[in-house]
Amino acid sequence: MTKPFSPLLPMEYSTEVAAAKARGAPLVALESTIITHGMPFPGNLDMARSVEAIIREEGAVPATIAVIDGVLHIGLEDAQLEALAQTEGAMKLSRADLAFAIAERRTGATTVAATMIAAARAGIRVFATGGIGGVHRKAEETFDISADLDELARTGVIVVSAGAKAILDIPKTLEVLETRGVPVVTYDSDIFPAFWSRDSGLRSPLMLNSPAAIANFQRMRDLLGVDGGMLVANPVPEESEIPRDEMEIYIARALDNAERDEISGKAVTPYLLDSIFGLTDGRSLETNIALVENNARLAAEIAVALE
Ligand code: PSU
Ligand code: MN
């Protein structure tokens with residue numbers, strides 16, 4: 001007998017996720033880059049806990065995903081969540097380096113792309129985040145296009161987001177999604193949202209009004225044998241939105257700062273988010289938290305409807 005070359009993947013379920021899997025309960029994956037690179041402590045920890053609570057309230061089970069000392073965790077115990085929220089220097093992991101962090105026993109947070117890979121591996125079909133990465137403004141010069149878009153094209157997970165972050169080039173982001181065959185469904189609106197704002201100025205390719213309809217659409221994709229993911233865009237609640245015209249002023253300044261500071265690669269998105277938090281005196285952070293909570297609720301409803 002030859003021994004298998006590779007040992008088993010170091011992957012661990014939290015107690016709650018393991019129990020949910022055993023009884024076949026609906027699960028919702030959550031990313032961790034938003035915790036380590038997307039928001040400052042302690043607001044990031046409060047946000048992470050509150051989105052988990054919202055998912056439970058809706059009758060599903062949250063699975064926050066991260067790599068801790070080389071182990072891919074599907075669901076974090078509260079103490080792990082608390083520690084991760086304060087970890088300085090955690091890696092920001094995508095498709096390119098998720099396995100690297102595991103192999104090298106590092107600690108890292110998963111972006112949308114890496115969370116999709118881990119969720120699919122763990123049999124989780126629905127995932128809630130804030131906003132996906134996309135085609136950056138001036139991508140024709142920088143070639144900066146998030147690996148999130150490619151992942152949506154290839155990995156069969158429903159990603160619930162508040163649209164694409166307005167720091168991006170949203171028309172180009174939608175073009176790439178269309179080219180790659182990713183359905184973009186806006187929830188209860190025919191206008192594609194822009195993260196902090198409900199209106200990106202663009203029509204949504206598709207629109208559905210209920211979690212049941214979204215689940216049914218996914219069932220038809222499965223029956224047709226169409227693989228890959230789906231993007232569900234969920235507009236930020238009206239009372240928490242920052243209008244587009246106002247956001248544009250902050251975004252322009254944040255982009256100028258990034259150019260001045262010669263920010264590139266993985267650092268771009270965290271830099272811009274942080275810069276905008278400063279420019280809005282924390283108001284954009286409140287909006288960011290509200291939209292993630294809103295997405296967690298819808299994701300849980302979809303996961304329940306898929307059962
Ligand atoms: N949504 C948020 N905050 C974030 C992100 C999303 O509300 O910080 C993260 C996600 O992890 C997403 C990443 O995958 O930003 C995109 O990074 P990039 O543009 O480098 O691909
Ligand atoms: Mn990038």
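These figures come from a predicted structure and were not determined experimentally. (Residues numbered from 1 in each chain as written. Chains lettered and ligands numbered in written order. Predicted model: local features only at pLDDT ≥ 70, side-chain atom pairs only at ≥ 80, totals over all residues.)

Chemist: How do you make sense of the overall build of the protein chain when you look at a structure like this?
Modeler: Helices and strands together make up the secondary structure of the protein chain, namely 13 helices and 13 strands. For 307 residues, the compact-globule estimate of 2.2 N^0.38 gives 19 Å, and the protein chain sits close to it at 18 Å. Expressed as a percentage of its 307 residues, the buried residues of the protein chain come to 50%. Contacts in the protein chain between residues far apart in sequence, at least 24 positions, make up 75% of those at least 6 positions apart. (Helix = DSSP H or I, 4+ residues; strand = E, 2+ residues; numbered from the N terminus. Rg over C-alpha atoms; globule rule 2.2 N^0.38 Å. Buried ≥ 20, exposed ≤ 12 C-beta atoms within 10 Å, placed from the backbone. Contact = placed C-beta atoms within 7 Å.)

Chemist: Can you help me understand the UniProt feature "binding site: Mn(2+)" (unreviewed entry) in the protein chain in this one?
Modeler: Under the local residue numbering, the UniProt record ascribes the feature "binding site: Mn(2+)" (unreviewed entry) to Asp144. In this structure, Asp144 sits in the loop between α7 (139–142) and α8 (147–154). By the C-beta count within 10 Å, which is 19 here, Asp144 ends up partly exposed. Setting aside anything within four residues of it in sequence, one finds Asp144 in contact with His136, Ala139 and Val268. (UniProt positions renumbered as here; feature names shortened; annotations may be inferred.)

Chemist: When you look at the pairing of strand β10 (residues 191–194) in this model, what are you seeing that I'm missing?
Modeler: The side chains of a regular strand alternate, residue by residue, between the two faces of the sheet. With 3 bridges connecting them, β10 and strand β11 (residues 197–203) associate as antiparallel partners. Within β11, the residue paired with Ile191 across the bridge is Arg203. In sequence, β10 turns back onto β11 through a hairpin of 2 residues, with Phe195 there showing a positive phi of about 65 degrees. (Pairing = 2+ DSSP bridges.)

Chemist: Which parts of the structure should I look at to understand the environment of Ala118?
Modeler: Relative to the elements of secondary structure, Ala118 occurs in helix α6 (residues 112–121). Take Ala118: there are 26 C-beta atoms within 10 Å of it, and that puts it in the buried class. Along the backbone, Ala118 and Ile74 are 44 residues apart, and their C-alpha atoms lie at a distance of 7.6 Å. Look past the residues within four positions of Ala118 in its chain and what remains in contact with it is Ile65, Leu72, Ile74 and Thr110.

Chemist: Would you mind going over the site of ligand 1 with me for this structure?
Modeler: Gly38, Thr111, Gly130, Gly133 and Ser146 are the nearest of the 19 residues found near ligand 1. Secondary-structure elements contributing two or more residues to the shell around ligand 1 are α2 (33–36), α8, α12 (268–279) and α13 (283–306). Partitioning the shell around ligand 1 into residue classes produces 5 nonpolar, 11 polar and 3 charged. (Near = placed C-beta within 6 Å. Nonpolar A, V, L, I, M, F, W, Y, C, P; charged D, E, K, R; others polar.)

Chemist: Help me understand the UniProt feature "binding site: substrate" (unreviewed entry) in the protein chain in this model?
Modeler: Sequence positions flagged by UniProt for "binding site: substrate" (unreviewed entry) are, in local numbering, Lys92, Val112, Ser146, Ala147 and Asp148. Separation in sequence by 57 residues is not matched in space for these annotated residues, since their most distant C-alpha atoms are only 12.8 Å apart. Inspection of the secondary structure assignment puts Val112 in helix α6. Look at Val112 and you get buried, because 27 C-beta atoms sit within 10 Å. Setting aside chain neighbours within four positions, we find Val112 in contact with Glu31, Thr129, Ile132, Gly133, Asp148, Glu151 and Val159. On the secondary structure map, Asp148 appears in helix α8.

Chemist: Is there a simple way to explain α8 in this structure?
Modeler: Every α-helix winds through 3.6 residues per turn, so residues three or four apart in the chain are directed the same way. Among all positions in α8, only Asp148, Leu149, Glu151 and Leu152 are buried. Down the axis of α8, the buried set is contained in an arc of 165 degrees. They therefore lie on one face. Against α6, β8 (158–161), α9 (170–179) and β13 (230–233) lie the buried residues of α8. (Arc of directions from axis to C-beta.)

Chemist: It is not clear to me how the packing of helix α11 (residues 244–260) against α12 should be interpreted in this structure. Could you clarify?
Modeler: Each pair of packed helices can be described by the angle between their axes along with the distance between the axes. Following both chains from N to C, one finds α11 and α12 inclined at 130 degrees, their axes separated by 9 Å at the closest point. Looking at the two axes, α11 sits oblique to α12. Handedness of the crossing formed by α11 with α12: right-handed. Here Tyr250, Ile251, Arg253, Ala254, Asn257 and Ala258 of α11 lie close against α12, whose contacting residues are Val268, Tyr271, Leu272, Ser275, Ile276 and Leu279. Here the contact of α11 with α12 is composed, by residue class, of 9 nonpolar, 2 polar and 1 charged. (Axes fitted to C-alpha atoms, helices over the stretch in contact; angles between N-to-C directions. Parallel < 35°, antiparallel > 145°, perpendicular 65-115°, else oblique. Left-handed = near helix turned anticlockwise from the far one by under 90°.)

Chemist: Would you take a moment to explain α6 for this structure?
Modeler: Burial runs high along α6: 8 of the 10 residues are buried. Once α6 finishes, Gly123 follows within two positions and takes phi at roughly 75 degrees, a positive value.

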